[in-house]
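Spelled out from the first residue to the last, the chains are:
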Amino acid sequence: MSHMAEMPETVTTVAALRARIAKVRAAGARIGLVPTMGALHEGHLSLVRETRARCGATVVSIFVNPAQFAPHEDFARYPRTFESDCAKLAGLADLVFAPSVGEMYPEGFATRIEIGGPALGLESDFRPRFFSGVATVVAKLLIAAMPDEATFGEKDYQQLLVIRRLVADLGLPIEIAAGETVREADGLALSSRNAYLSPQERKTAARLNIVLREVVKRVQHGASIASAESFGCNALLSHGFGSVDYVAVRDAETLAPIEALEHPARVLAAARVGTTRLIDNTAV
Ligand code: PAF
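Residues numbered from 1 in each chain as written. Predicted model: local features only at pLDDT ≥ 70, side-chain atom pairs only at ≥ 80, totals over all residues. Heavy atoms only, no water.

(A) Quick look at the packing of helix α6 (residues 130-145) against helix α7 (residues 157-170). Close contact between α6 and α7 brings their axes to 10 Å; oriented N to C, the two are set at 55 degrees. The angle between α6 and α7 places the two elements in the oblique class. As α6 packs across α7, the resulting crossing turns out to be right-handed. Facing F130, F131, V134, A135, V138, A139 and L142 of α6, the residues of α7 in contact are Q158, Q159, V162, I163, L166, V167 and L170. Tallied by class, the residues present in the contact of α6 with α7 amount to 12 nonpolar, 2 polar and no charged. (Axes fitted to C-alpha atoms, helices over the stretch in contact; angles between N-to-C directions. Helix = DSSP H or I, 4+ residues; strand = E, 2+ residues; numbered from the N terminus. Parallel < 35°, antiparallel > 145°, perpendicular 65-115°, else oblique. Left-handed = near helix turned anticlockwise from the far one by under 90°. Contact = heavy atoms within 4.5 Å. Nonpolar A, V, L, I, M, F, W, Y, C, P; charged D, E, K, R; others polar.)

(B) Representation of the layout of surface pockets. Considered as a void within the structure, the second largest pocket measures approximately 180 Å³ in volume. Every residue lining the second largest pocket is counted, 15 residues in all, and those nearest its centre are I62, F63, V64, R80 and P99. (1 Å grid on protein atoms, 1.4 Å probe; cavity = no way out; pocket = protein on both sides within 12 Å on 5 of 7 lines; lining within 4 Å. Points joined across faces, edges and corners; volume = space filled by probe spheres on them.)

(C) Expanded view of empty space enclosed by the protein. In the structure shown here, the tally under the stated rule is 1 cavity of 30 Å³ or more. Taken together, R20, I21, V24, A57, T58, V59, D94 and L95 form the lining of the largest cavity. Split into classes, the residues belonging to the lining of the largest cavity amount to 5 nonpolar, 1 polar and 2 charged.

(D) Geometry of the sheet that holds strand β9 (residues 276-283). Reading across the sheet, the 3 strands line up as β7-β8-β9 and stay open at both edges, with antiparallel pairing between neighbours. The open sheet has two edge strands, β7 (243-251) and β9, and neither has a second partner. Mean inter-strand twist for the sheet, computed between neighbouring axes without regard to direction, equals 10 degrees. Note that β7 and strand β8 (residues 265-273) share 8 bridges and pair antiparallel. Bridge assignment links V247 to a residue of β8, and that residue is A269. Those strands touched by helix α9 (residues 207-220) are β7, β8 and β9, and its axis lies near 35 degrees from that of β9. (Pairing = 2+ DSSP bridges.)

(E) Representation of the packing of aromatic side chains within the structure. This model, assessed by the stated rule, comprises 6 aromatic pairs. Relative to Y78, the ring of F69 has its centre 5.8 Å away and its plane inclined at 75 degrees; by these criteria the two rings are edge-to-face. Here F69 matches Y78 in class, with each residue buried. Look at Y105 and F109: their rings are 4.9 Å apart centre to centre, the planes differ by 80 degrees, and that puts the pair in the edge-to-face class. (Phe/Tyr/Trp six-rings, centres within 6.5 Å; stacked < 30°, edge-to-face > 60°. Buried < 20%, exposed > 50% of the residue type's maximum accessible area, 1.4 Å probe, protein only.)

(F) Region of interest: the sheet that holds strand β6 (residues 175-179). Ordered by their spatial adjacency, 6 strands build an open sheet running β1-β4-β3-β2-β5-β6, and the pairing between neighbours is parallel. At either margin of the open sheet sits one strand with a lone partner, and together these are β1 (9-11) and β6. Ignoring which end each strand starts from, the neighbouring axes of this sheet average 25 degrees apart. Relative to strand β5 (residues 149-153), strand β2 (residues 31-36) runs parallel, the two being bridged by 2 bridges. Within the sheet, the bridge partner assigned to L33 lies in β5 and is A150. Together, β1, β2, β3 (57-62) and β4 (95-97) form the strand contacts of helix α1 (residues 14-26), whose direction differs from that of β4 by roughly 155 degrees. Strands in contact with helix α2 (residues 42-54) are β2, β3, β5 and β6; relative to β5, the strand with the most contacts, it is inclined by about 155 degrees.

(G) Spatial organisation of the site of the ligand. In the vicinity of the ligand, the residues found are P35, T36, M37, N65, Q68, V134, V137, F152 and Q159. Measuring from an oxygen atom of the ligand, one finds a side-chain N or O atom of Q68 at 2.7 Å. Q159 places a side-chain nitrogen or oxygen 2.7 Å from an oxygen atom of the ligand. About the coverage of the ligand: the protein hides 89% of its 290 Å² of free accessible area. Of all the secondary-structure elements, those providing two or more residues to the shell around the ligand are β2 and α6. (Near = heavy atom within 4 Å. Polar contact = N/O pair within 3.5 Å; in protein donor to acceptor, adjacent residues only side chain to side chain. Areas by Shrake-Rupley, 256 points an atom, 1.4 Å probe, with all protein chains shown as cover.)

(H) Structural context of the side chain of T51. Considering the arrangement of structural elements, one finds T51 in helix α2. Within the structure, the side chain of T51 is placed 2.7 Å from the backbone oxygen of L47, a separation counted as a polar contact. Aside from chain neighbours lying at most four places away, what touches T51 is G32, L33, V34, T58, E149 and T151.

(I) Looking closely at the pairing of β6. Inspection of the sheet shows β5 paired to β6 by 5 bridges, in the parallel sense. Counted as the bridge partner of A150 is I176 from β6. In this view, the connection linking β5 to its parallel neighbour β6 by way of α7 has right-handed handedness. (Right-handed = clockwise from strand over helix to strand, strands pointing away.)

(J) Spatial organisation of the nonpolar core. The biggest cluster of nonpolar side chains holds 37 residues, and the ones touching the most others in it are L17, V138, L142 and I176. Of all the secondary-structure elements, those providing two or more residues to this core are α1, β2, β3, β4, α6, β5 and α7. Here this core gets 11 residues from one element, more than from any other, and that element is α6. Here L142 is in contact with L33, P147, A150, V167, L172 and I174, once residues within four sequence places are set aside. (Core = buried A, V, L, I, M, F, W, Y, C linked by side-chain atoms within 4.5 Å.)

So this is what it looks like as structure tokens:
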């Protein structure tokens, strides 16, 4: 007999979230949080499944965070698909936290968390207020839910390191777990922003990961970091990307620039196809 997986319960206030979590904590469950901005795809669902495998209670937050978008960015048109997100979470998540902007940033809200270290450079050179917006909302979500662990995707590799730094620096007793990037068959990393791509742009977009893997090969075969990075930029432009913000080979733990492959490294890139900005990264 088949029966419908149960839809997760939804709460919209921090008070209700805390009350629900207190109950499952009292029952002894390990609590895992997966923060998202909704528009859920298989990449998010794999984070939720991994969290569920380790935790007795899995909470997913869905909140399109205005603080991490610059005025010219896509906050207004960011896909909002709450009903279908909840349907995808049926049988996977126990609780959905979907606060309003007013719940997260009430009248008079005046705090912003600034991070150095891994937040410097790369994304910050092009989105200067992005990581302070992410850090502020993630700190609020973590403090609201106080989970045992929270899971973030490696797709946003710099963000993952920034959140690890944030949690260590604020002394939050929360483990940060990383989930591997889920890709389409042609290598394109799943992203809610892929929905913006036209069929032609979608074809170009697949080149991003292919070029990153070629950059990895080059540095592994002895090319200088600088020449591999400039190969990557030129290759993306010649494959139809309109502009390239960066292709950078960095220390995998600190994101500091490197001159040679002495420690684990990571190649990270951001480039625009049409009006859509895509990011990706891969281990070297
Ligand atoms: O990666 C995201 O979806 C967002 O940056 C996050 C971590 C949910 C904070 O809004």
